[in-house]
Amino acid sequence: MSKIVIAGPCSVESREQLREVTALLATMPEVTMIRAGVWKPRTRPGGFEGLGEPALRWMQELAAEYGVAYCCEVARPEHVELCQQYGIRTVWIGARTTGNPFMVDELCSALRDSGMAVMVKNPTSPDVRLWLGAIERLQQVGIQSITAVHRGFSMYNTRGYRNAPLWEMALELRRELPGVPILCDPSHIGGQRELVEPIALTARMLDYDGLMVEVHPHPDAALTDAGQQLDPDQLRRLLDSFLIPSTATPTDSDHRLTPLRQQIDDVDHELLSLLARRMELSRSIAAIKHEHDIAVYQSKRWSDVMDDRLQLAGSLGLDADFIKDILEKIHAESVRVQLES
Ligand code: PEP
Ligand code: MN
C-alpha cells in the first residue's frame, strides 16, 4: 500500500501564505492532503488562535483552483458544521480533545452521518485507553474512515523531544485496532526541525502508514510552531528518504527470517516455562512464610536480587532499564501470588 502524506502549515495565517504553500504542495504528487489549522488550541492565552471562518473560505477557493484537498482540526461541534459548509471532508481531533470523553462525544454527535473522514491524535497524557476510547466512540457512530495520528505525549521528562514518542503506546494501539491506519506526526513529537527526519525514519522502520508533517513556506516567520515546521526543500528531502521502497523481495527475506523467527518462538516458549517454574517456587516459599508468619515482602532480599540481576544483565549486554522493568513486574506478580496463596 502506498504511504499517506499529509503536509501543510501548523496554521492558516493569511490568504497569501495559504496560497504559497498550496502552490508548492500541489506540485508534489506524494502529498495526499494538505493540513492547515484553522482553530488553534493554545496552552496559554495570548497567542495566535487561528483565523476561523475566513481561513475556511480561502481553503475552499484554493482547493478548487489547485485541485487539492485540505484537512483541519475540529474541537467543537460548530467547527464540524463550518467545515461541512466549506467543503472540508477530512478533519482531525487534536491531542487536547482526544483526552476528554465529553468533548469526543459532542464531536461524535456532530460527525455522525457527515460522511467525513476523521483522524484522531493521541491524547496528551500517556494513556492508550483514551486514544482507543476516542476511536471506538467514532466507530460507534458509524464513521467509516478513521486514522490514528501519533504525535507524542506530554510528560515531566520528554528526553529532548517536545512530546515523548513512547512508541510502545502506538504499537499497543495497533495491536488492539489492527484495521485502523496510523500516521506519525514527527513535527509535534520532535518540536525542532532537526528531529523531524530521524523520527519519521523510525516510523518508517515501524511500518507506519504515513506521516502528518508541518510545512511552511517561511518557517522562521510562522505564527505557531515556528521551530518545528519544515521548509518545502526539507519536505522534499524527508519524502525522498521516508518513501524509499524496501529493497527486499518477500521470498528473499522470508527465506532468512523464517528460521530466526522459529528460534524466537522457541526462546519465548522457554521463557514462559521458566516464569511458570519461578511462580511455582514462589508458591512453595509462600507456604513456608505463612507457616512461620514471615512477611511476604522482604526488602533486603528484593534489593539483593535486583543488584545481582542488574550486574548479570550488564555482563550480558542487556539494557539495565529494560531488565529493571521486567524484574519489577516479575517481583510484583510474585508478591501477588504469595499474598493470595
Ligand atoms: C497541530 O496539529 O497543529 C496541533 C495543535 O496538534 P496536537 O493536537 O497534536 O497538539
Ligand atoms: Mn502545530
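Below is a summary of the structure that appears in this document. (Residues numbered from 1 in each chain as written. Chains lettered and ligands numbered in written order. Predicted model: local features only at pLDDT ≥ 70, side-chain atom pairs only at ≥ 80, totals over all residues. Heavy atoms only, no water.)

Here we take up a nonpolar patch on the surface. A contiguous nonpolar surface patch, about 460 Å² in accessible area, is contributed by L312, L316, L318, F322 and I326. You can see I326 is positioned in helix α13 (residues 320-340). (Patch = residues over 30% accessible without salt bridge, like charges linked within 9 Å, V, L, I, M, F, W, Y side chains within 5 Å. Areas by Shrake-Rupley, 256 points an atom, 1.4 Å probe, with all protein chains shown as cover. Salt bridge = Lys/Arg side-chain N within 4 Å of Asp/Glu carboxyl O. Helix = DSSP H or I, 4+ residues; strand = E, 2+ residues; numbered from the N terminus.)

The general pattern is negative phi for most residues beyond glycine and trans for most peptide bonds. A positive phi is found at R159, a non-glycine position, where the angle reads about 50 degrees. Looking at where R159 falls in the secondary structure, it is placed in the loop between β6 (146-150) and α7 (167-176). The residue L166 is not glycine, and still its phi comes out positive at about 40 degrees. Assignment of secondary structure puts L166 in the loop between β6 and α7.

Once that is clear, we can look at the sheet that holds strand β1 (residues 4-8). Read around the closed barrel, the 8 strands follow the order β1-β2-β3-β4-β5-β6-β7-β8; overall the barrel is parallel. Ignoring strand direction, the axes of neighbouring strands in this sheet form an average angle of 30 degrees. The pairing of β1 with strand β2 (residues 33-35) spans 2 bridges and is classified as parallel. Counted as the bridge partner of I6 is M33 from β2. Against the sheet, helix α6 (residues 128-140) contacts β4 (90-93), β5 (117-121), β6 and β7 (182-184), and its axis sits at roughly 165 degrees relative to β6. (Pairing = 2+ DSSP bridges. Axes fitted to C-alpha atoms, helices over the stretch in contact; angles between N-to-C directions. Contact = heavy atoms within 4.5 Å.)

This part covers the nonpolar core. Core analysis: the biggest nonpolar cluster contains 71 residues, and L56, M59, W131 and L235 have the highest contact counts within it. Take this core: its biggest share by element is 6 residues, from α6. Contacts of M59, omitting those with residues within four sequence positions, involve V12, L18, A36, V38, Y70, C71, C72 and I88. M33, W92, V149 and M212 belong to the second-largest nonpolar core, a separate cluster that totals 8 residues. (Core = buried A, V, L, I, M, F, W, Y, C linked by side-chain atoms within 4.5 Å. Buried < 20%, exposed > 50% of the residue type's maximum accessible area, 1.4 Å probe, protein only.)

Let's shift gears to the site of ligand 1. R35, K40, A95, K121 and R151 are the nearest of the 13 residues found near ligand 1. Side-chain polar atom of K121 to an oxygen atom of ligand 1: 2.8 Å apart, as the coordinates give it. A distance of 2.6 Å is found between an oxygen atom of ligand 1 and a side-chain nitrogen or oxygen belonging to R151. Expressed as a share of its isolated accessible area of 300 Å², the protein-covered part of ligand 1 is 97%. When the residues that make up the shell around ligand 1 are grouped by side-chain class, the tally is 4 nonpolar, 2 polar and 7 charged. (Near = heavy atom within 4 Å. Polar contact = N/O pair within 3.5 Å; in protein donor to acceptor, adjacent residues only side chain to side chain. Nonpolar A, V, L, I, M, F, W, Y, C, P; charged D, E, K, R; others polar.)

The coordination sphere of the manganese ion (ligand 2), as far as protein atoms go, consists of C10 (SG), H188 (NE2), E214 (OE) and D225 (OD), spread over 2.0 to 2.4 Å. In the primary sequence, the donor residues of the manganese ion (ligand 2) line up as C-x177-H-x25-E-x10-D. Taken together, the residues C10 in the loop between β1 and α1 (15-25) and E214 in strand β8 (residues 210-214) connect sequence positions 204 residues apart. (Donors = N, O, S within 2.8 Å, 3.2 Å for Na, K, Ca; no water.)

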